[in-house]
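Geometric and topological summary
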Amino acid sequence: MNMMNKDEALVVFSGGQDSSTCLFWAKREFRKVHALTFRYGQKHSLEVEMAGKLAEKAEVDFHLMDTPFIGQLGANSLTDASIVMDQEKPEDSFPNTFVPGRNLFFLSIAAVVAREHGINHIVTGVSQTDFSGYPDCRDSFIKSLNVTLNLAMDEQFIIHTPLMWIDKAGTWALADELGVLDIIRNETLTCYNGIPGDGCGHCPACRLRRAGLEKYLASKA
């Protein structure tokens, strides 16, 4: 078994609100932080560009990995421009913004990258509170995968999920606590239509983000 450096963490980093908040959380919690961003066929390449800029601003090591197979495996509106995005979650299925296997692949690849760098702490911004119907954002999945990755590589990875049990208002509160609320609001890309900052305002991601911000700001008033 490789010797792991417990002072370092690898953040699965999309450049959106959640993973960016986790990036700054990791900077507070660990001596050295690495950001791993995936180019998986998402329609908006600006997402990757902004992630790189934010990682540079945060002064963390930035790693970009091309994984186009993720976007090619299943039909979804985040990688296929011909599919009209679901505005609401269907009653009997997942929203078509769900990219099948995305977090499974991201975290599995992150574990391999972490192992190569002697890192055993992996951070991801998934949340069961605001999981939008995505099964791979649930705590049970993360715990299960954590065990599987440890067995697969005979390592002792620890997957950290700082946002798992807080809603979007809580995520904004954490960003404010970390002193980066303005950065998260203005320099991240959460919008499914590829518009930075406050976004388009009407896609599911923007509505969730906006409602959380309004709730948090109201709590401070």
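Just above sits the structure.
Described in the following lines is the structure provided in the data block. Just so it is clear, the structure is predicted and the values come from calculations on it, not from any experiment.

This part takes up the overall build of the chain. From N to C terminus, the chain includes eight helices and five strands. The buried share of the chain, reckoned over its 221 residues, is 52%. When the accessible surface of the chain is totalled, it reaches about 10,300 Å², and 53% of it is carbon and sulfur.

Attention now moves to the packing of helix α1 (residues 17–29) against helix α6 (residues 168–177). Between α1 and α6, the shortest axis-to-axis distance is 10 Å and the interhelical angle comes to 40 degrees. Taken together, the axis directions place α1 and α6 in an arrangement best described as oblique. Taken as a pair, α1 and α6 cross one another with a handedness that is left-handed. Every residue of α6 that contacts α1 at Gln17, Asp18, Thr21, Trp25 and Arg28 is listed here: Lys168, Thr171, Trp172, Leu174, Ala175 and Glu177. Along the lines of polarity and charge, the residues of the contact of α1 with α6 split into four nonpolar, three polar and four charged.

This part is about the environment of isoleucine 70. Locating isoleucine 70 in the fold gives a position in helix α3 (residues 69–73). When the C-alpha positions of isoleucine 70 and glycine 41 are compared, they lie 7.4 Å apart, and in sequence the two are 29 residues distant.

So, about the packing of aromatic side chains. Tallied over the full model, the rule gives four aromatic pairs. When the centroid spacing of 5.5 Å and the interplanar angle of 65 degrees are considered together, the rings of tyrosine 40 and phenylalanine 106 count as edge-to-face. Linking tyrosine 40 in the loop between β2 (32–39) and α2 (46–58) with phenylalanine 106 in helix α4 (residues 102–116), this pair joins segments that are 66 residues apart in sequence. Take phenylalanine 106: its relative accessible area is 9%, and that puts it in the buried class. The interplanar angle of 85 degrees and the centroid separation of 5.1 Å between the aromatic rings of phenylalanine 69 and phenylalanine 105 together place this pair among those described as edge-to-face. With phenylalanine 69 in helix α3 and phenylalanine 105 in helix α4, this pair connects stretches of sequence that are 36 residues apart. Classification of phenylalanine 105 by relative accessible area gives partly exposed; the value is 25%. Following the ring pairs from residue to residue traces out a cluster consisting of Phe38, Tyr40 and Phe106.

Turning our attention to unusual backbone geometry. With phi around 60 degrees, glutamate 59 is a residue other than glycine that occupies positive phi space. Tracing the backbone shows glutamate 59 in the loop between α2 and β3 (61–66). Of the residues examined, glutamate 59 reaches a relative accessible area of 71% and is grouped as exposed. The phi dihedral of aspartate 154 is positive, around 55 degrees, even though this residue is not glycine.

The rules behind these values
Residues numbered from 1 in each chain as written. Predicted model: local features only at pLDDT ≥ 70, side-chain atom pairs only at ≥ 80, totals over all residues. Heavy atoms only, no water. Helix = DSSP H or I, 4+ residues; strand = E, 2+ residues; numbered from the N terminus. Buried < 20%, exposed > 50% of the residue type's maximum accessible area, 1.4 Å probe, protein only. Areas by Shrake-Rupley, 256 points an atom, 1.4 Å probe, with all protein chains shown as cover. Axes fitted to C-alpha atoms, helices over the stretch in contact; angles between N-to-C directions. Parallel < 35°, antiparallel > 145°, perpendicular 65-115°, else oblique. Left-handed = near helix turned anticlockwise from the far one by under 90°. Contact = heavy atoms within 4.5 Å. Nonpolar A, V, L, I, M, F, W, Y, C, P; charged D, E, K, R; others polar. Phe/Tyr/Trp six-rings, centres within 6.5 Å; stacked < 30°, edge-to-face > 60°.

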